[in-house]
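Understanding the architecture of this molecule
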Amino acid sequence: MTYPQESADDYVINGYDFFRLNTLLASPGDIYESTQSGNAFALGPESDISEVVVAYFDQQQPTFMNQLSVTSDRGFSARLDANNIGTYAPANRPGKIYMWPADLWNPDFRPFGFDNTNDRIILETPRLDVIQFFKQQQSMQPQRRDKTWTFQSVAMNPVTAARSYVAIPFYGRKYANICVALNAGNMQGGFITIQGHRLTIGDQSGSGSPSIPKILAVQDWGGRAMYSFQFNAGAVQSVGPITSGQDMSANVSGNGGMFDILTVDVTYGTAPAVVDKYFCEITVSDTPAANGVVQLTA
Amino acid sequence: MVDSRRDPRRAVPAQQLGQRTSMVAATATGKIGPINLDRTGASAPAPKAQTGAGDNRTQLFTYLTKLPSDRQTPILYNGDRLWAKVTVELETAGPVAIGQQQNLYPVLGGQGILLETDQPYEVIIAKGTRLYIASNSVNRVKVKIEPLPWMEQITALLMGGKVPGQ
């Protein structure tokens, strides 16, 4: 998050017709503000967050604050005033427009069963992108763009059964295409695991991460290949061992948009003597795949 | 150019000096009251020779509203000049109110006219009327001020302006 955050007033002074808040989240409790009134609100194309709460001054509420949600499927096209003179009750804070992500985020997220000693993780911070329009919009179809995460070289810890994760935001997404390329010569008996995680608010006094994981695909292979999984997220899938030289692809149907974080991890069957690495590319989209049938081809 | 008043060859006969066009007696002849036929009464001032001077200029600018620090309502147009047609257009979301009262707060309280985004609002300001503007936030407002100098003459005629020298 850039600090201080972007100023909506500067957008007005500089002649823009909108105020765009485009920032990485800094904490689970980020709250952003706008001192400008707006005629429409929508998620921006770069947003990983799928739902943003917009709070505004409403003198008919006991606290003078009312809220609405802007999602990747639905924007808000009406005027909301920033009452910079009035104050909310009982905090006595200025009656500006406040915005914060409705999706849960934990910058210390670790997949369930993560080994703090041997496992590794690359955790991508979600981006919040919301646009406040100063002028009335005749029509508005907010839509996030498809986003591709590319990890050229993810290091593997040369410890048997150690897992090396990449974790990306998956809020509200309905489709993902995952490609993993690795040196299969070192990966005999190893695993590629794809998990969708649903974050919850819970007691963290015990071990493990407060998330509810769902294993989407676990694959055991025995040779060199590029493995590609396409799925709508939601179903559990297990695939059998793959012989050398074969490519694998999988289409999984299910209830899209139900996961907050998507992880892909690779683990050795028997760790080699040197550090190995793998390539991973994940493309996510709000558009579900046309083919929703469970299908496994070799 | 020769000034006829100084050129002795064109001196005005003495008996003609001091004679002026007589005014119709100021007696009420009807419901509209006395009429001043002196065309020079309450005339609009001639354009000034200096560039940028004079009260007949058209003004075009973008006004940035701001949150008032001391509840003093800013003046958008100080109507101490001639009659003028003022056109304002809100470019952002507002809320912005304009009115002839000094106290326009709260902005949504109805004391002024609430501007709508991208909708020009035109008002003819009489001489001596100020136009105030109020807002709760920073907004862009397009302002166009066009003088109406002939309104000054019409007003004077209707109100029975004094004839110089009488």
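My aim in this report is to walk through the structure given alongside it, one point at a time. Since this is a predicted model, take the numbers as computed values, not measurements. (Residues numbered from 1 in each chain as written. Chains lettered and ligands numbered in written order. Predicted model: local features only at pLDDT ≥ 70, side-chain atom pairs only at ≥ 80, totals over all residues. Heavy atoms only, no water.)

**A look at the overall build of chain B**
A count of helical and extended segments in chain B gives one helix and eight strands. Going through the 166 residues of chain B one by one, you find that 34% of them count as buried. By element, 53% of the accessible surface of chain B is carried by carbon and sulfur atoms, the whole surface being about 11100 Å². (Helix = DSSP H or I, 4+ residues; strand = E, 2+ residues; numbered from the N terminus. Buried < 20%, exposed > 50% of the residue type's maximum accessible area, 1.4 Å probe, protein only. Areas by Shrake-Rupley, 256 points an atom, 1.4 Å probe, with all protein chains shown as cover.)

**A short note on the overall build of chain A**
Broken down by element type, chain A carries one helix and 21 strands. Every one of the 298 residues in chain A was classed for burial, and the buried ones make up 48%. The long-range fraction of contacts in chain A, counting pairs at least 24 apart against all pairs at least 6 apart in sequence, stands at 73%. Accessible area of chain A: about 13400 Å², with a carbon and sulfur share of 49%. (Contact = heavy atoms within 4.5 Å.)

**Overview of the sheet that holds strand S3 (residues 40-43) of chain A**
Sheet strands line up and pair through hydrogen bonds in the backbone, either parallel or antiparallel. All names here are of chain A. Pairing is antiparallel across the open sheet formed by three strands, whose spatial order is S1-S10-S3. Edge positions in the open sheet fall to strand S1 (18-24) and S3, since each of these has one partner strand only. Put simply, the sheet's adjacent strands are angled 15° from each other on average, direction ignored. When S3 meets strand S10 (residues 127-133), the two strands line up antiparallel, connected through four bridges. By the bridge assignment for S10, Ala40 is matched with Phe133. (Pairing = 2+ DSSP bridges. Axes fitted to C-alpha atoms, helices over the stretch in contact; angles between N-to-C directions.)

**Structural notes on the packing of aromatic side chains**
Residue and element names in this part refer to chain A. Counted by the stated rule, this structure contains eight aromatic pairs over all chains. Consider the rings of Phe57 and Tyr88, whose centres lie 5.9 Å apart with planes at 40°: the pair is tilted. Linking Phe57 in strand S4 (residues 51-57) with Tyr88 in the loop between strand S6 (83-87) and strand S7 (94-95), this pair joins segments that are 31 residues apart in sequence. Ring geometry for Phe114 against Tyr165: centres 5.6 Å apart, planes inclined by 45°, an arrangement best described as tilted. Residue Phe114 is located in the loop between strand S8 (97-101) and strand S9 (120-123), and its partner Tyr165 is located in strand S12 (residues 163-169); the two are separated by 51 residues in the primary sequence. Of the two residues, Phe114 and Tyr165, both sit in the buried class. (Phe/Tyr/Trp six-rings, centres within 6.5 Å; stacked < 30°, edge-to-face > 60°.)

**Describing the nonpolar core**
All names here are of chain A. By size, the foremost hydrophobic cluster in this structure holds 29 residues, and its most contacted members are Phe19, Leu21, Val54, Leu80, Ile97, Met99 and Leu128. When residues of this core are traced back to their parent elements, those giving at least two are helix H1 (8-13), S1, S3, S4, strand S5 (65-71), S8 and S10. The next biggest cluster of nonpolar side chains, apart from the first, holds 21 residues, and it includes Phe259, Val264, Tyr268 and Ile282. (Core = buried A, V, L, I, M, F, W, Y, C linked by side-chain atoms within 4.5 Å.)

**Quick word on helix H1 (residues 149-159) of chain B**
Residue and element names in this part refer to chain B. Along H1, the residues that are buried comprise Pro149, Glu152 and Ala156. Viewed end-on, H1 has its buried residues packed into an arc of 45°, placing them on one side of the element. Looking at the buried side of H1, the elements it contacts are strand S8 (140-147). (Arc of directions from axis to C-beta.)

**A short note on the interface of chain A and chain B**
Opposite the 20 residues of chain A that make contact, chain B presents 18 residues. Interface area for chain A against chain B, summed over the two sides, is near 1400 Å², with a carbon-plus-sulfur share of 52%. If you sort the residues of chain A by the area they bury against chain B, A:Arg79, A:Ile85 and A:Lys135 come out on top, with a joint share of 35%. Where chain A packs against chain B, one counts two salt bridges. Here A:Asp17 makes a salt bridge to B:Arg140, at a shortest N to O gap of 3.4 Å. Where chain A packs against chain B, one counts eight residue pairs in polar contact (both at pLDDT 80 or more). At the level of elements, H1 and S6 of chain A are the ones that each hand at least two residues to the side of chain A that touches chain B. The element that contributes the greatest number of residues to the side of chain A that touches chain B is H1(A), accounting for four residues. Across the side of chain A that touches chain B, the residue classes break down as seven nonpolar, eight polar and five charged. (Buried area = accessible area lost by both parts, 1.4 Å probe. Salt bridge = Lys/Arg side-chain N within 4 Å of Asp/Glu carboxyl O. Polar contact = N/O pair within 3.5 Å; in protein donor to acceptor, adjacent residues only side chain to side chain. Nonpolar A, V, L, I, M, F, W, Y, C, P; charged D, E, K, R; others polar.)

**So, the side chain of B:Thr92**
Assignment of secondary structure puts B:Thr92 in the loop between strand S3 (84-90) and strand S4 (96-99). Given a relative accessible area of 0%, B:Thr92 falls into the buried group. Setting aside residues no more than four positions away along its own chain, B:Thr92 makes contact with A:Val12, A:Phe134, B:Thr117, B:Asn139 and B:Arg140.

**Details of the pattern of salt bridges**
Working definition: two side chains of opposite charge can pair if their charged atoms are close together. Taken as a whole, this structure holds 13 salt bridges over all chains when the rule is applied. A:Glu33 is the partner of A:Lys96 in a salt bridge, and the nearest nitrogen-oxygen pair spans 3.1 Å. You can see A:Lys96 sitting in the loop between S7 and S8 and its partner A:Glu33 sitting in strand S2 (residues 32-34), a full 63 residues away along the chain. We classify A:Lys96 as buried; its relative accessible area is 17%. Judged by its relative accessible area of 29%, A:Glu33 falls in the partly exposed class. Here A:Arg145 ties to A:Glu46 by a salt bridge, and the two come within 2.8 Å at their closest N and O atoms. With A:Arg145 in the loop between S10 and strand S11 (147-155) and A:Glu46 in the loop between S3 and S4, this pair connects stretches of sequence that are 99 residues apart. Judged by relative accessible area, A:Glu46 falls into the partly exposed class, the value being 22%. Each of A:Asp17, B:Glu91 and B:Arg140 takes part in a single network of salt bridges with overlapping partners.

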